[in-house]
Amino acid sequence: MKHTKKFITLLGITGIATFVTYWFYLPTYPVYPKSDHYDPDTQTFYNAEPQRAPINVASALWEMTFYEKDFHPKKPLPTVKPNWTELLAPAEQSRFMWFGHSTLLMRIGNQTIITDPLFGNSASPVPIMMHRFQPPVAEIEELPPIDVVLLSHSHYDHLEQESIEKLMKTQSHFVVSLGMGVILQKWGIDAARITELDWWQSTERNGVKYTALPARHDSSRGLFDHNKALWSGFLIEHKRGQNEERFYFHGDSAQGKHFDEIASRVGKIDIAFIENGQYDERWPNNHLFPEQTAQLAAKLQPTRFMPIHWGAYPLALHTWNEPVLKSVPMARALGVNTLTPLLGQVFDVNTKTEDWFTQE
Ligand SMILES: [Zn+2]
Ligand SMILES: [Zn+2]
């Protein structure tokens, strides 16, 4: 009875959200020239290797709504109180801090960058599911001034309106995948503060170069904007004296041939932040499975591989730590040096980390 009531509430909220989306939300997307991943006739982006459509999603949503706690950690995850002075201090190496899921604070050169900022209580547009395991190690208002907000795609677990509205009150610039600009403009961000990138396009800001990389994924915020905006990973490059630092931010992407192209075109990577979590056989071409994450890490041969897209919200039906319990040993077996910092810990490419995620 309790479950039925909750499910009817879910359906009701979905219905209302759909209407609101249709009438008020939908921005007008520009039409782009034809490319190998954009069709101007349908005005949508597409994958070179199509995705198999997800199946049995209703049963998965049911489980994720009513058995959500099964996928949460049994006790709070260990954290470190953020040390902003340590993060921002001049250093030999770029420094980072992880907030869980795909949210990373990066201090590269004199720039502070945040990726896919997600701080809310739920990662779902219907906030009765996908709840945060525990509060973030800091709220957005506590962060040091952000120079660049880097946004991979429009899914709710990567583009959170409340976080963006807080960040837009600062001087941040937004570097985003092609087509996302109109969403941000609809929320009140001036077009001059937004740089959109198609795959393999780059922009440089204050000594840091951002290049959008191909991904095999999709985008949408409602029922009427499927694939209207592009999805990307990013290469972030910075020259430090004679040294060139390179960081790979995965965004979301399923397995595909594009990883061969990325591996052949991108130089030596210092840290590869690779998606690891929220996979399921019911949506096999949306995310990487752990062995694919490990194989991608081996293909890119980074100095360190850090798994992301886990550690904060349950968006699939595996336990909170299954992705890393599987991928980390597999990556090591393939000769990859792993990096698994605590939430809130300041780290760089040389930081030694523990397998803290073995707790239940
Ligand atoms: Zn996504
Ligand atoms: Zn995601």
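Report follows, based on the coordinates. (Residues numbered from 1 in each chain as written. Chains lettered and ligands numbered in written order. Predicted model: local features only at pLDDT ≥ 70, side-chain atom pairs only at ≥ 80, totals over all residues.)

## Examining the overall build of the chain
For the chain, the helix and strand inventory stands at 8 helices and 14 strands. The C-alpha atoms of the chain give 19 Å as radius of gyration, which agrees with the globular expectation for 360 residues (21 Å, within 12%). With respect to the three principal axes, the spread of C-alpha positions in the chain is 60 × 50 × 40 Å. Looking at the chain as a whole, 41% of its 360 residues qualify as buried. (Helix = DSSP H or I, 4+ residues; strand = E, 2+ residues; numbered from the N terminus. Rg over C-alpha atoms; globule rule 2.2 N^0.38 Å. Buried ≥ 20, exposed ≤ 12 C-beta atoms within 10 Å, placed from the backbone.)

## As for the pairing of strand β5 (residues 111–115)
Counting buried residues along β5, 4 of its 5 residues qualify, which places the element largely inside the surrounding structure. Here strand β4 (residues 104–108) pairs with β5 via 4 bridges, running antiparallel. When the sheet's bridge partners are listed, methionine 106 is paired in β5 with isoleucine 113. Linkage of β4 to β5, two consecutive antiparallel strands, is achieved through a turn of 2 residues, within which glycine 109 is found at a positive phi near 60°. Direction of pairing for β5 relative to strand β6 (residues 148–151): parallel, over a ladder of 3 bridges. Bridged to threonine 115 within β6 is leucine 150. (Pairing = 2+ DSSP bridges.)

## A closer look at helix α8 (residues 322–333)
Here α8 contains 12 residues, and its C-alpha end-to-end distance of 17 Å stays within 8% of the 16 Å for a straight helix at 1.5 Å per residue. If you check which residues of α8 are buried, you get Pro323, Val324, Ser327, Val328 and Ala331. Each buried residue of α8 sits inside an arc of 100° when the element is viewed along its axis, so together they form one side. Considering only its buried residues, α8 is in contact with α7 (290–300) and β14 (304–308). Following α8 by one or two positions, glycine 335 has its phi on the positive side, about 85°. (Expected span 1.5 Å × (residues − 1). Arc of directions from axis to C-beta. Contact = placed C-beta atoms within 7 Å.)

## A word on the sheet that holds β5
Read across the sheet, 6 strands follow the order β3-β4-β5-β6-β7-β8 without closing on themselves; strand pairing throughout is mixed. A single partner strand is all that each edge strand has here, and the edge strands are β3 (95–98) and β8 (194–197). Going from strand to strand, the sheet's axes swing by 20° on average, the running direction of each strand aside. Where β6 lies against strand β7 (residues 173–177), 4 bridges are found, and the strand directions are parallel. Within β7, the position partnered with leucine 151 by the bridge is valine 176. (Axes fitted to C-alpha atoms, helices over the stretch in contact; angles between N-to-C directions.)

## Here we look at the packing of α7 against α8
In helix packing, the relevant descriptors are the interaxial angle and the interaxial distance, both defined with respect to the helix axes. Between α7 and α8, whose axes approach to 8 Å, the crossing angle comes to 35°. The hand of the α7/α8 crossing is right-handed. Each of Pro290, Glu291, Thr293, Ala294, Ala297 and Ala298 in α7 lies in contact with α8, whose residues at this interface are Pro323, Lys326, Ser327, Met330 and Ala331. Of the residues in the contact of α7 with α8, the class split is 7 nonpolar, 2 polar and 2 charged. (Left-handed = near helix turned anticlockwise from the far one by under 90°. Nonpolar A, V, L, I, M, F, W, Y, C, P; charged D, E, K, R; others polar.)

## Quick notes on the sheet that holds strand β13 (residues 271–275)
Read from one edge to the other, the open sheet built from 6 strands follows the order β9-β10-β11-β12-β13-β14, with strand pairing classed as mixed. At either margin of the open sheet sits one strand with a lone partner, and together these are β9 (202–205) and β14. When the angles between neighbouring strand axes are averaged without regard to direction, this sheet yields 20°. Two strands pair when backbone bridges link them, and strand β12 (residues 243–249) and β13 are joined in this way by 3 bridges, in the parallel orientation. Bridging across to β13, phenylalanine 249 finds its partner in phenylalanine 273. Together, β12, β13 and β14 form the strand contacts of α7, whose direction differs from that of β13 by roughly 155°.

## Comments concerning the pairing of β7
The side chains of a regular strand alternate, residue by residue, between the two faces of the sheet. In terms of burial, β7 is largely enclosed, as 4 of its 5 residues are buried. In terms of handedness, the path from β6 via helix α4 (residues 161–167) over to β7 forms a crossover that is right-handed. Sheet topology places β7 next to β8; 4 bridges connect them, and they run parallel. Counterpart to serine 177 in the pairing with β8 is leucine 197. Considered for its hand, the β-α-β crossover made up of β7, helix α5 (residues 181–186) and β8 is right-handed. (Right-handed = clockwise from strand over helix to strand, strands pointing away.)

## What to know about α7
Among the residues of α7, Pro290, Gln292, Thr293, Ala294, Leu296 and Ala297 are the ones counted as buried. Its buried side turned inward, α7 meets α6 (258–265), β13, β14 and α8. Looking one or two residues past α7, glutamine 301 carries a phi angle of roughly 50°, positive in sign.

## Focus on the nonpolar core
Ranked by internal contacts, the top residues of the largest apolar core, which has 80 residues, are Leu150 and Phe273. Once residues within four sequence positions are removed from consideration, leucine 150 is found in contact with Ile113, Thr115, Val175, Tyr210, Phe234 and Phe249. (Core = buried A, V, L, I, M, F, W, Y, C linked by C-beta atoms within 7 Å.)

## Topic: the environment of leucine 235
Along the chain, the position of leucine 235 falls in strand β11 (residues 233–240). Owing to 21 C-beta atoms within 10 Å, leucine 235 belongs among the buried residues under this scheme. Each C-alpha atom, one on leucine 235 and one on valine 266, is 8.1 Å from the other, the two residues being 31 residues apart in sequence. Residues in contact with leucine 235, not counting those within four places in the same chain, are Thr211, Leu213, Arg246, Tyr248 and Val266.

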